Amino acid sequence: MEVNKMYDVVIIGSGPAGISAAIYAKRAGLDALTLEQNPLSGGQVLNTYEVDNYPGLSGINGFDMGMKFREHADKLGCQFQNASVSGVRRAGDEKEKGFILETSEGEIHTQTVVAAMGAVHAKLHIPGEEDFAGKGVSYCATCDGAFFRGKTTAVVGGGDVAVEDAIFLARSCEKVYLIHRRDELRAADILQRELKALPNVEILWNTVVKEIAGKERVESLSLEDTRTGQGRSLAADGIFIAVGIVPSGELMKDMVGCDEQGYFLAGEDCATDVPGVFVAGDLRKKKLRQVVTAVADGANAIASVLDYMRELI
Ligand SMILES: Cc1cc2nc3c(=O)[nH]c(=O)nc-3n(C[C@H](O)[C@H](O)[C@H](O)COP(=O)(O)OP(=O)(O)OC[C@H]3O[C@@H](n4cnc5c(N)ncnc54)[C@H](O)[C@@H]3O)c2cc1C
């Protein structure tokens, strides 16, 4: 990373979208830098046990996928820097002045920005969730499931990730509860069928978790029936929360047009309402948030960066 220079494009985040953007930028001959706050590139897929819907890499482990993506970018000579971005502002009124990024490693100057900060796990915001984080409360079954071998766990949620987590945990846990606030799951049919065939999984319908309790670690959950309001306690050694994701666009939300949830508004060209700022991946408002759509965005964002740069000349 060079502080006293103007990059053509700085990409914030090196998940699938950011890495794809880095690869397309390099191959287009742009002077590009990709910033990543975590020690490893790969984003959310690093926490995924298996990705079975990305063409050509059937059943790949998510961590391996993240590593493969980064290896590809490194092989092409893409520039990465471990840094967390805390702010983005215009360097001046004229378009040519570009943008200044405030990062943990100093300020960076760039003509264009690709925001590929993705998303993070949503929280339940209930008593005990913070206190027992890492002590029985987890947001990643594939990362932490092994600590609960032979134990009783609960998964909260009703989508693909929650059901996949319950299936994954059922392989090693004695008992797995899937706690869902509605009376039907949103997960894909194929996953639901697999889940329902497992003898050690029990689905608790129309149920929410009100509190997580224990001494040193999680010991029990306070549940409430959403129809009757009746409460009860459930003994559990661990709780895996899979209730969706929250976009990580906070640092630019006052600059770029967002929807009510904080997803950046942009079409397939990935151009936001701020000329020179593009968005790629899960952070963009779109129908399907997956690796395959994230990498497509990365490519489209760079195609739009190139159009924008041509207009500057
Ligand atoms: C448990 C789980 C299972 C999944 N399974 C599948 C699957 O089977 N198939 C599939 O296609 N998809 C799956 N997904 C979805 C897929 O992982 C995402 O759609 C994809 O990772 C989105 O890529 P992204 O690059 O947009 O964002 P992310 O993967 O979220 O990456 C964003 C990156 O930006 C970095 N970042 C954020 N803010 C900053 C900052 N301020 N400064 C610097 N860096 C920053 C983050 O550290 C991160 O590395 C799964 C997701 C999860 C959580």
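Everything numeric in this text was worked out from a predicted model, so none of it was measured.

How each quantity is defined
- Residues numbered from 1 in each chain as written.
- Predicted model: local features only at pLDDT ≥ 70, side-chain atom pairs only at ≥ 80, totals over all residues.
- Helix = DSSP H or I, 4+ residues; strand = E, 2+ residues; numbered from the N terminus.
- Rg over C-alpha atoms; globule rule 2.2 N^0.38 Å.
- Buried ≥ 20, exposed ≤ 12 C-beta atoms within 10 Å, placed from the backbone.
- Contact = placed C-beta atoms within 7 Å.
- Near = placed C-beta within 6 Å.
- Nonpolar A, V, L, I, M, F, W, Y, C, P; charged D, E, K, R; others polar.
- Pairing = 2+ DSSP bridges.
- Axes fitted to C-alpha atoms, helices over the stretch in contact; angles between N-to-C directions.
- Parallel < 35°, antiparallel > 145°, perpendicular 65-115°, else oblique.
- Left-handed = near helix turned anticlockwise from the far one by under 90°.
- Domains from an automatic or database assignment.

A. Structural detail: the overall build of the chain. Regarding its fold elements, the chain presents six helices and 17 strands. Relative to the globule expectation of 20 Å for 313 residues, the C-alpha radius of gyration of the chain, 21 Å, shows essentially globular dimensions. Taken across its 313 residues, the chain has 44% of its residues classed as buried. Contacts in the chain between residues at least 24 apart in sequence constitute 62% of all its contacts with a sequence separation of at least 6.

B. Structural view of the site of the ligand. By nearness alone, 35 residues border the ligand, and G13, G15, G43, G118 and G281 come closest of all. Looking at the shell around the ligand, the elements with two or more residues in it are α1 (16–27), β2 (32–36) and α6 (291–312). Among the residues forming the shell around the ligand, the class breakdown is 16 nonpolar, 16 polar and three charged.

C. Focus on the sheet that holds strand β11 (residues 201–204). Taken together, five strands build an open sheet; the order of strands is β8-β15-β9-β10-β11 and the sheet is parallel. A single partner strand is all that each edge strand has here, and the edge strands are β8 (137–138) and β11. Taken together, the five bridges between strand β9 (residues 152–156) and strand β10 (residues 175–179) define a ladder with parallel strand orientation. Along β10, the bridge assignment pairs V155 with L178. Contacts between helix α4 (residues 160–170) and the sheet are confined to β9, β10, β11 and β15 (238–241), with β9 contributing the most and set at about 170° to the helix.

D. Structural view of unusual backbone geometry. Not every positive phi belongs to a glycine, and N206 is a case in point at roughly 50°. Counting through the fold element by element, N206 comes out in the loop between β11 and β12 (207–214). Positive phi outside glycine occurs at C270, with the angle close to 65°. Of note, C270 is situated in the loop between β16 (245–247) and β17 (277–279).

E. The arrangement of the packing of α4 against helix α5 (residues 189–196) in detail. It is at 10 Å that the axes of α4 and α5 come closest, and there the two elements cross at 30°. Judged by the inter-axis angle, α4 sits roughly parallel to α5. Relative to α5, α4 is oriented so that their crossing is left-handed. Packed against α4, whose contacting residues are D160, V163, E164, A166 and I167, the element α5 presents L191, Q192, E194 and L195 at the interface. Of the residues belonging to the contact of α4 with α5, the class tally is five nonpolar, one polar and three charged.

F. Summary view of the domain arrangement of the chain. Looking at the assigned domains, one finds that the chain contains domain 1 (6–120 + 246–312) and domain 2 (123–241). Taken over C-alpha atoms, the centre of domain 1 sits 33 Å from the centre of domain 2.

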